[in-house]
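Notes for the structure review
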Amino acid sequence: MPRFRKIGILSSGGDAPGMNAAIRAATRRALSQGLEVVGIQGGYAGLLSAADEPDKEVIRQKYLRPFDTASVSNIVYRGGTILYSSRCPEFKTEEGMNKALKACHDNEIDAIVAIGGDGTFRGATDLTNHGIPSIGIPATIDNDITATEQTIGFDTALNTALGMFDSLRDTAESHARCLVTEVMGNGCGFLSLYLALATGANALAIPEIPFDREQAIKTIGEARTRCGKRGILAIIGEGMPKIDGKDYGEIFKNEIIERTGIDTRYNKIGHIIRGGNPTLRDRLTATQMGVEAVNKLLEGRSNLVICVNENRITATDINFALVLDKMYKNKLKDGDLDNFTAFQVAQMKARCEARAAKIERLYNMAYDISM
Ligand code: F6P
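Scope of this entry: the structure provided in the associated data block. Because the structure is predicted, anything quoted here is derived from the model rather than measured. (Residues numbered from 1 in each chain as written. Predicted model: local features only at pLDDT ≥ 70, side-chain atom pairs only at ≥ 80, totals over all residues. Heavy atoms only, no water.)

1. Topic: the overall build of the protein chain
Within the protein chain, the regular secondary structure consists of 12 helices and 11 strands. Relative to the globule expectation of 21 Å for 371 residues, the C-alpha radius of gyration of the protein chain, 22 Å, shows essentially globular dimensions. In terms of overall dimensions, the protein chain has a C-alpha envelope of 70 × 45 × 40 Å along the principal axes. Put simply, the protein chain has 371 residues, and 54% of those count as buried. Taking contacts inside the protein chain between residues at least 6 apart in sequence as the whole, the part at least 24 apart equals 75%. In the structure as shown, the protein chain presents an accessible area of about 16,300 Å², 48% of it carried by carbon and sulfur atoms. (Helix = DSSP H or I, 4+ residues; strand = E, 2+ residues; numbered from the N terminus. Rg over C-alpha atoms; globule rule 2.2 N^0.38 Å. Buried < 20%, exposed > 50% of the residue type's maximum accessible area, 1.4 Å probe, protein only. Contact = heavy atoms within 4.5 Å. Areas by Shrake-Rupley, 256 points an atom, 1.4 Å probe, with all protein chains shown as cover.)

In structure tokens:
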């Protein structure tokens, strides 16, 4: 017999293609195991609004929608999230947490599946600590959750951007131009790195690797003079520092013009890669993660983030995952490692090193074969 009667599912933070596939899978798996499911609308903010709303019917319609199997029909192929999403600073306060707990208790929500990025997981672990067992599913186009090799949405965003870069290549070739393009990523260079490899870009700047602008401009110049390239692509990962208040890519573009005389334009690929129908890969990953999240709750487990590593669906303790992330992003504070054994800290270090080594290897590869 399941330990829970009713679970709530929410999506939070930046939406990502494949969130709907995860919502569908978690809902159907829970229903098939005799659980009730509530679709929490608008992320953690939806929970807080439910606590403030006295009318039960309004709650059911606007904030905590009872889900049956038909509620998640025909969504596996759709981008965005039918549960809507938000970023909710109030949830991080004590008052916000109290409201969330009230909403769960008043509406008999016993456990939560939270789909999103690291902010979403911080919320999930806080809920678990306050007696609402929660499990996280990583969904963000940025692929910036260190505990998992793949986040839901990353593959779709890559494929969407790839089509855009192919179009940029057409116009760059036609006009013999260099096109410098910033790609979203929130300080994580994976999107830019994979795109550089897949589009044959001649320059790539990502926050994780020191960037030699002088050398890159020289390389771009040589691509034209030595290799006769007409169209030249340069990719800038979001998170490269502003220079004199201007985008890194803007400055880079100006320097390319000054130093090489190549006609150059700068543009940005922003939110457009967050939408669109999820790819096969994202749908498969999301579906397996959604099922696994519910399975873990049924096993009596909580405070986990579902991951994919070496092509297997796994689960990692959320606290471990959050501190691992901090370690990778050099954001560790005093005391962050206190609750972990020496073995766990060594595991974290090994994971960080492996991830950094992968990025460096692929980065060097991109440059090696760019001409
Ligand atoms: O995390 C996904 C992401 O699209 C990042 O790539 C980007 O930095 C951020 O969200 C943008 O956030 P918002 O949509 O809130 O402006």
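From this point, the narrative continues.
2. Focus: the sheet that holds strand 8 (residues 232-237)
Here four strands make up an open sheet; going across it, the order is 7-8-6-9 and the pairing parallel. Edge positions in the open sheet fall to strand 7 (203-205) and strand 9 (264-269), since each of these has one partner strand only. Averaged over all pairs of adjacent strands, the angle between strand axes in this sheet comes to 15°, irrespective of strand direction. The sheet contact formed by strand 7 and strand 8 spans three bridges and is parallel. Bridge pairing in strand 8 places leucine 204 opposite isoleucine 235. Relative to strand 8, helix 6 (residues 154-175) is tilted by about 140°, and along the sheet it contacts strand 6 (178-183), strand 8 and strand 9. (Pairing = 2+ DSSP bridges. Axes fitted to C-alpha atoms, helices over the stretch in contact; angles between N-to-C directions.)

3. Looking at helix 11 (residues 318-328)
Among the 11 residues of helix 11, nine are classified as buried, and the element is accordingly described as predominantly covered. Regarding helix 11, the residues found buried are Ile318, Phe320, Ala321, Leu322, Val323, Leu324, Asp325, Met327 and Tyr328. Residues of helix 11 that are buried sit in contact with helix 5 (118-129), strand 5 (134-138), strand 10 (304-309), strand 11 (312-317) and helix 12 (342-368). Sitting at the head of helix 11, aspartate 317 places a side-chain oxygen 3.0 Å from the backbone nitrogen of asparagine 319. One or two steps after helix 11, the chain reaches asparagine 330, where phi turns positive at roughly 55°. (Polar contact = N/O pair within 3.5 Å; in protein donor to acceptor, adjacent residues only side chain to side chain.)

4. Focus on the sheet that holds strand 11
Overall, mixed pairing links the seven strands, which are arranged 3-2-1-4-5-10-11 in an open sheet. Among the strands making up the open sheet, the edge pair consists of strand 3 (64-67) and strand 11. Averaged over all neighbouring strand pairs, the angle between strand axes comes to 25°, with direction disregarded. Summarising the sheet, strand 1 (residues 6-11) and strand 2 (residues 36-40) pair through four bridges and their orientation is parallel. Note that in strand 2 the partner of isoleucine 9 across the bridge is glycine 39. Sheet contacts for helix 1 (residues 19-32): strand 1, strand 2, strand 3 and strand 4 (111-116); angle to strand 1, the most-contacted strand, approximately 180°. Packing of helix 3 (residues 56-63) onto the sheet brings it into contact with strand 2 and strand 3, and relative to strand 3 it is tilted by some 75°.

5. So, the site of the ligand
Neighbouring the ligand are the residues Arg87, Thr140, Asp142, Met184, Gly185, Asn186, Glu238, His271 and Arg274. Within the side chain of aspartate 142, one N or O atom sits 2.6 Å away from an oxygen atom of the ligand. Side-chain polar atom of arginine 274 to an oxygen atom of the ligand: 2.8 Å apart, as the coordinates give it. Coverage of the ligand by the protein chains reaches 72% of its 400 Å² of free accessible surface. (Near = heavy atom within 4 Å.)

6. Describing helix 10 (residues 280-298)
Spanning 19 residues, helix 10 covers 27 Å between terminal C-alpha atoms, matching the ideal 27 Å at 1.5 Å per step. Buried residues of helix 10: Asp282, Thr285, Ala286, Met289, Gly290, Glu292, Ala293, Val294, Asn295, Lys296 and Leu297, and no others. Once helix 10 finishes, glycine 300 follows within two positions and takes phi at roughly 85°, a positive value. (Expected span 1.5 Å × (residues − 1).)

7. Some details on the state of the cysteines
Going through the model one piece at a time under the given rule, you end up with zero disulfides. Cysteine 104 takes part in no disulfide bond, and the closest cysteine sulfur to it belongs to cysteine 88, at a distance of 13 Å. Residue cysteine 104 is classed as buried on the basis of its relative accessible area of 0%. Here cysteine 227 is not disulfide-linked; the sulfur of cysteine 178 is the nearest cysteine sulfur, at 14 Å. (Disulfide = S-S within 2.5 Å.)

8. Thoughts on the packing of aromatic side chains
Taken as a whole, this structure holds eight aromatic pairs when the rule is applied. Relative to phenylalanine 252, the ring of phenylalanine 211 lies with its centre 5.6 Å away and its plane at 80°, an arrangement referred to as edge-to-face. Within this pair, whereas phenylalanine 211 is found in the loop between strand 7 and helix 8 (213-225), its partner phenylalanine 252 is found in helix 9 (residues 248-260), the two being separated by 41 residues in sequence. The exposure classification of phenylalanine 211 matches that of phenylalanine 252, with both residues buried. Members of the aromatic cluster, each reached through a chain of ring pairs, are Phe154, Phe190 and Tyr194. Taking NZ or CZ as reference, arginine 355 lies 5.5 Å from the ring centre of tyrosine 328, over its face. (Phe/Tyr/Trp six-rings, centres within 6.5 Å; stacked < 30°, edge-to-face > 60°. Lys NZ or Arg CZ within 6 Å of the ring centre and 35° of its normal.)

9. Description of the side chain of glutamate 182
With respect to the helices and strands, the residue glutamate 182 is situated in strand 6. No salt bridge is formed by the buried glutamate 182; its nearest oppositely charged neighbour, lysine 268, is found at 4.2 Å. Discounting chain neighbours no more than four positions away, the residues touching glutamate 182 are Ile236, Gly237, Glu238, Asp247, Tyr266, Asn267, Lys268 and Ile269. (Lys, Arg positive; Asp, Glu negative; His and termini not counted. Salt bridge = Lys/Arg side-chain N within 4 Å of Asp/Glu carboxyl O.)

10. Considerations on the pattern of salt bridges
Think of it this way: side chains of opposite charge can pair up when their charged atoms draw near. Within this structure, the stated rule accounts for 19 salt bridges. With a shortest N-O distance of 3.0 Å, glutamate 108 and arginine 5 are connected by a salt bridge. With glutamate 108 in the loop between helix 4 (94-106) and strand 4 and arginine 5 in the segment before strand 1, the pair connects residues that are 103 residues apart, well separated along the chain. The class of glutamate 108 is partly exposed, set by a relative accessible area of 44%. A relative accessible area of 41% means that arginine 5 is categorised as partly exposed. With a shortest N-O distance of 3.6 Å, arginine 226 and glutamate 222 are connected by a salt bridge. Several salt bridges converge on common partners, so that one network encompasses Arg5, Glu36 and Glu108.

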